[in-house]
Amino acid sequence: MKKALICLALLLSACIGTKAQYQKGDLFLYPRVGFALANVSQQELYYVIGNESHKSKMKNGLTAGIEAEVFANNFLSVSAGLFYANQGLRYADWAQENKAERTYSILEDIYTTMHYINLPILLNGYLTEGLAIKAGLQLGYLVKARDYIHEKWGNIEEGNLYVDKGETVFDEDVTSNFNRMDLSIPIGISYEYNHIVLDLRYNLGLTKVYKNTPDKQGRHQVLTFTLGYQLGL
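All values derive from a computational prediction rather than experimental measurement.

Rules used throughout
Residues numbered from 1 in each chain as written. Predicted model: local features only at pLDDT ≥ 70, side-chain atom pairs only at ≥ 80, totals over all residues. Heavy atoms only, no water. Helix = DSSP H or I, 4+ residues; strand = E, 2+ residues; numbered from the N terminus. Buried < 20%, exposed > 50% of the residue type's maximum accessible area, 1.4 Å probe, protein only. Areas by Shrake-Rupley, 256 points an atom, 1.4 Å probe, with all protein chains shown as cover. Salt bridge = Lys/Arg side-chain N within 4 Å of Asp/Glu carboxyl O. Contact = heavy atoms within 4.5 Å. Polar contact = N/O pair within 3.5 Å; in protein donor to acceptor, adjacent residues only side chain to side chain. Phe/Tyr/Trp six-rings, centres within 6.5 Å; stacked < 30°, edge-to-face > 60°. Lys NZ or Arg CZ within 6 Å of the ring centre and 35° of its normal.

### Considerations on the overall build of the chain
For step 1, the next point in the chain: Along the backbone of the chain there are 1 helix and 13 strands.
For step 2, the next point in the chain: Helices and strands in the chain line up, N terminus first, as α-β-β-β-β-β-β-β-β-β-β-β-β-β.
For step 3, the next point in the chain: When each of the 233 residues of the chain is scored for burial, the buried share is 40%.
For step 4, the next point in the chain: Per element, the accessible surface of the chain, about 12,700 Å² overall, is 60% carbon and sulfur.

Right under this line is the structure:
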């Protein structure tokens with residue numbers, strides 16, 4: 001990641017002297033909507049039955065908001081935004097069979113959803129008309145977090161037929177388990193054509209997500225893709 005940040009800084013420096021369509025003082029507004037692929041680093045779910053542990057996986061969710069951009073010259077700008085993002089993490093489904101009793105249990109849809117309000121502030125460098133690379137800081141505030149697990153169980157009948165006998169849903173507010181404030185480094189690239197803007201960013205978490213984890217564990221890892229529209233002001 002350090003190498004990526006160094007490369008991005010070099011590219012921003014290379015922007016100096018490039019030709020672009022923007023002028024000093026140009027101001028634009030961008031409504032944006034898209035999706036986020038989110039995970040939290042170094043998280044595992046341990047199953048006592050079976051003595052197994054599963055690493056967390058990327059969870060998808062909605063992101064939407066608005067961003068303003070002002071140009072310092074024809075190749076550098078500063079932007080600030082306000083976004084809602086559905087982040088979190090998920091785990092693979094888990095199943096366990098008792099062959100002697102011919103029963104089974106399944107855990108599925110295992111995920112944690114975190115609802116954030118994010119404020120990204122970015123420096124944007126334009127390599128050519130419409131094509132920009134960007135980096136900055138993002139402050140996030142956790143509004144709510146929920147854990148969700150769907151469990152079902154049943155019998156294994158003749159012919160290996162699995163027959164469900166019952167199910168339960170675990171759906172609990174776990175906001176108190178998390179730190180409310182989050183700080184991350186967003187780096188990304190965007191392209192504007194005919195006022196339509198495609199934006200791809202990776203947010204590298206700097207602060208702990210969970211309250212009770214070791215200092216180096218539990219950072220956000222979020223990839224966002226948004227589609228926006230450029231409005232001149």
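### So, the pattern of salt bridges
For step 1, the next point in the chain: For the structure shown, the criterion picks out 6 salt bridges.
For step 2, the next point in the chain: Arg 32 is the partner of Glu 67 in a salt bridge, and the nearest nitrogen-oxygen pair spans 2.8 Å. One end of the pair, Glu 67, is in strand S4 (residues 59-71); the other, Arg 32, is in strand S1 (residues 27-40), and 35 residues separate them in sequence.
For step 3, the next point in the chain: Judged by its relative accessible area of 2%, Glu 67 falls in the buried class.
For step 4, the next point in the chain: On the basis of relative accessibility, which here comes to 6%, the residue Arg 32 falls in the buried class.

### Comments concerning the environment of Asp 93
For step 1, the next point in the chain: Position of Asp 93 relative to the elements: it lies in the loop between strand S5 (76-91) and strand S6 (94-98).
For step 2, the next point in the chain: With 39 residues separating them in the primary sequence, Asp 93 and His 54 have C-alpha atoms 9.5 Å apart.
For step 3, the next point in the chain: Once residues lying within four places of it in the same chain are set aside, the contact partners of Asp 93 are His 54, Leu 107, Glu 108 and Asp 109.
For step 4, the next point in the chain: A distance of 3.3 Å separates a polar side-chain atom of Asp 93 from the backbone nitrogen of Asp 109.

### Concerning the side chain of His 150
For step 1, the next point in the chain: Inspection of the secondary structure assignment puts His 150 in strand S8 (residues 131-157).
For step 2, the next point in the chain: A polar contact of 2.6 Å, which involves the side chain of His 150, links it to the side chain of Glu 167.
For step 3, the next point in the chain: Among all residues touching His 150, those that are not within four sequence positions of it are Ile 106, Leu 107, Glu 108, Asp 109, Glu 167, Thr 168 and Val 169.

### Side note on unusual backbone geometry
For step 1, the next point in the chain: Unusually for a residue other than glycine, Asn 194 sits at a positive phi of about 50°.
For step 2, the next point in the chain: Positionally, Asn 194 belongs in the loop between strand S10 (181-193) and strand S11 (196-205).
For step 3, the next point in the chain: Here Asn 194 falls in the exposed class, since its relative accessible area comes to 54%.
For step 4, the next point in the chain: In this structure, His 195 takes a positive phi of about 75° despite not being glycine.
For step 5, the next point in the chain: Locating His 195 in the fold gives a position in the loop between S10 and S11.

### Regarding the environment of Ile 149
For step 1, the next point in the chain: Position of Ile 149 among the secondary structure elements: in strand S8.
For step 2, the next point in the chain: Using a relative accessible area of 26% as the deciding quantity, one classes Ile 149 as partly exposed.
For step 3, the next point in the chain: The sequence separation of Ile 149 and Glu 172 amounts to 23 residues, and the corresponding C-alpha distance is 9.4 Å.
For step 4, the next point in the chain: Among all residues touching Ile 149, those that are not within four sequence positions of it are Leu 107, Glu 108, Asp 109, Ile 110, Thr 168, Val 169 and Phe 170.

### A short note on the packing of aromatic side chains
For step 1, the next point in the chain: The tally for this structure, following the rule as stated, stands at 9 aromatic pairs.
For step 2, the next point in the chain: Ring centres of Phe 28 and Phe 71 lie 6.1 Å apart, and the angle between their planes is 85°; this geometry places the pair in the edge-to-face category. Here Phe 28, found in strand S1, pairs with Phe 71, found in strand S4; they are 43 residues apart in sequence, far enough to count as distant. No difference in accessibility class separates Phe 28 from Phe 71, as the two residues are buried.
For step 3, the next point in the chain: When the ring of Tyr 111 is compared with that of Tyr 148, the centres are 5.1 Å apart and the planes differ by 15°; the resulting orientation is stacked. In this pair, Tyr 111 is assigned in strand S7 (residues 103-128) and Tyr 148 in strand S8, connecting sequence segments 37 residues apart.
For step 4, the next point in the chain: Overall, Tyr 148 belongs to the partly exposed group, its relative accessible area being 21%.
For step 5, the next point in the chain: Three or more aromatic residues joined by ring pairs form one cluster here, namely Tyr 22, Phe 28, Tyr 30, Phe 71 and Tyr 126.
For step 6, the next point in the chain: Sitting over the face of the ring of Tyr 30, Arg 32 holds its NZ or CZ atom 4.9 Å from the ring centroid.

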